[in-house]
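Each chain, written out:
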Amino acid sequence: MLPLLLINLILLSCSRSVPQIQNFSYKLIYTETSKGIKEQLSLFVLAQDEDGNEDLDSIYIIHDDQQLYWTLSSEDWLKVNRDNQMWIGSHSISMVDESPLPRGLYRIILTDKGGERTEKIIGLDAPLQSRYAFPQLQVMGDSYTIRSAYPKNTILCYDKDGALVKSVPVTAASGSLKALGLPSSVFAFALWAEDPEGNTGALTKTIPANF
């Protein structure tokens, strides 16, 4: 891992037009794993470069107080189409040891292949523990039951390769899976619970389909 000072020096190089961060979004996600609940940061930017978006190179997420940084290259960031606009980023920014992410200010730096950069600052002030208990999803045959105090809840449906094939918002605490109009390729389920006001969410482990 390069020292943070060296990264800052690299980012000072110059080239042609400056890339732009037109907008950004981020959310702290509490994710259920075999070892317990871990935190992940979902962060995406709406980026533009007059030299063409193929000129975009890297996103750096830097926490100066803790001397921590993460790098997303153009080869490994996700592309998400929102309202015919392309956002780039990641859902899985986390600590190597799965400890909580440090709170406070983060610098988001977008660079292009010529070395030009632009910078935004975000503040992560989410509580170390969600104000809601971690949600639960149970599946028995064709029936599902959710236990969640989160304001918004969505059942996620995956195929056998782990790809998301459908997401279904639900308001009832229980019901029939077949009534949700699921495709035949559904192999497993998970529950995504969201607190829009607190800018947090929770994702349960996947549960195999058995209907």
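Below or above, wherever it landed, is the structure these notes cover. Note that this is a predicted model, so its numbers are computed, not measured.

**A word on the nonpolar core**
So, step 1. By size, the foremost hydrophobic cluster in this structure holds 26 residues, and its most contacted members are V45, I59, I61, I88, L101, Y106 and I108.
So, step 2. Every element with two or more residues in this core is listed here: strand 1 (20–33), strand 2 (36–48), strand 3 (56–63), strand 4 (68–73), strand 6 (85–93), strand 7 (104–112) and strand 8 (117–124).
So, step 3. Broken down by element, the residue count for this core peaks at four residues, all from strand 2.
So, step 4. The contacts of I108, once residues within four sequence positions are left out, are I21, L43, V45, I59, Y60, I61, T118, E119, K120 and I122.
So, step 5. Judged by nonpolar contacts, the second largest core, of 15 residues, contains L177, V186, L191 and I207.

**Some remarks on the packing of aromatic side chains**
So, step 1. One pass over the structure, following the stated rule, counts three aromatic pairs.
So, step 2. Aromatic pair W70 and Y106: ring centres 6.3 Å apart, planes at 40 degrees, arrangement tilted. Of the two residues, W70 sits in strand 4 while Y106 sits in strand 7, which places them 36 residues apart along the sequence.
So, step 3. Under the relative-accessibility criterion, Y106 is labelled buried at 1%.
So, step 4. With a centroid separation of 5.0 Å and 45 degrees between ring planes, the pair formed by Y132 and Y150 is classed as tilted. With a gap of 18 residues between them, Y132 in the loop between strand 8 and strand 9 (136–140) and Y150 in the loop between strand 10 (143–147) and strand 11 (152–158) connect regions that are remote in the sequence.
So, step 5. Take Y150: its relative accessible area is 4%, and that puts it in the buried class.
So, step 6. In this arrangement the basic side chain of R82 is found over the ring face of F44, its NZ or CZ atom lying 5.4 Å from the centre.

**Thoughts on unusual backbone geometry**
Backbone geometry follows two general trends: most residues other than glycine have a negative phi, and most peptide bonds adopt the trans configuration.
So, step 1. A positive phi angle, near 55 degrees, is found at Q67, a position not held by glycine.
So, step 2. Following the sequence through the fold, Q67 ends up in the loop between strand 3 and strand 4.
So, step 3. A positive phi angle, close to 60 degrees, is found at N199, a residue other than glycine.
So, step 4. The topology assignment puts N199 in the loop between strand 14 (188–195) and strand 15 (200–203).
So, step 5. Note on N199: relative accessible area 28%, which makes it partly exposed.

**Regarding the pairing of strand 11**
So, step 1. For strand 11, a buried count of six out of seven residues is recorded, marking the element as mostly surrounded by other parts of the structure.
So, step 2. In terms of strand pairing, strand 11 meets strand 14 through seven bridges, oriented antiparallel. Residue pairing for strand 14: K152 is matched across the bridge by E194.
So, step 3. Two successive antiparallel strands, strand 11 and strand 12 (residues 164–170), enclose a turn made up of five residues, where G162 displays a positive phi of approximately 85 degrees.

**Concerning the environment of E50**
So, step 1. Here E50 shows up in the loop between strand 2 and strand 3.
So, step 2. C-alpha separation for the pair E50 and V18, spaced 32 residues apart in sequence, amounts to 7.7 Å.

**A short note on the environment of G175**
So, step 1. Along the chain, G175 falls in strand 13 (residues 174–176).
So, step 2. Counting along the chain gives 31 residues from G175 to Y144, while the straight-line C-alpha distance between them is 5.6 Å.
So, step 3. With sequence-adjacent residues up to four places away left out, G175 is seen in contact with D142, S143 and Y144.

Calculation criteria
- Here the residue numbers are simple positions, counted from 1 along each chain's written sequence.
- Local features are withheld for residues below a pLDDT of 70 in this predicted model, meaning they are given only at 70 or higher, and side-chain atom pairs are given and counted only at 80 or more; totals for whole chains, interfaces and linings count all residues.
- To obtain the side-chain values, all non-hydrogen atoms of the structure were used and water was disregarded.
- To qualify as a nonpolar core, a set must consist of buried Ala, Val, Leu, Ile, Met, Phe, Trp, Tyr and Cys residues joined through side-chain atoms within 4.5 Å.
- Note on classification: 1.4 Å probe, protein chains only; a residue is buried when its accessible area is under 20% of the maximum for its type, exposed when over 50%, partly exposed between these limits.
- Helix and strand definitions follow DSSP, with helices as H or I runs of at least four residues and strands as E runs of at least two, each counted in order from the N terminus.
- The contact definition used throughout considers only heavy atoms, calling two residues in contact when any of these lie within 4.5 Å.
- Two rings belonging to Phe, Tyr or Trp (six-membered ring only in the last case) form a pair when the distance between their centres is within 6.5 Å. Interplanar angles under 30 degrees mark stacking, angles over 60 mark edge-to-face geometry, and anything in between is tilted.
- Only lysine NZ and arginine CZ atoms are considered, and such an atom sits over a ring when it is within 6 Å of the ring centre and within 35 degrees of the ring normal.
- For two strands to be treated as a pair, DSSP must find no fewer than two bridges joining them.

Purely geometric stuff here, so don't read any function into it on its own.
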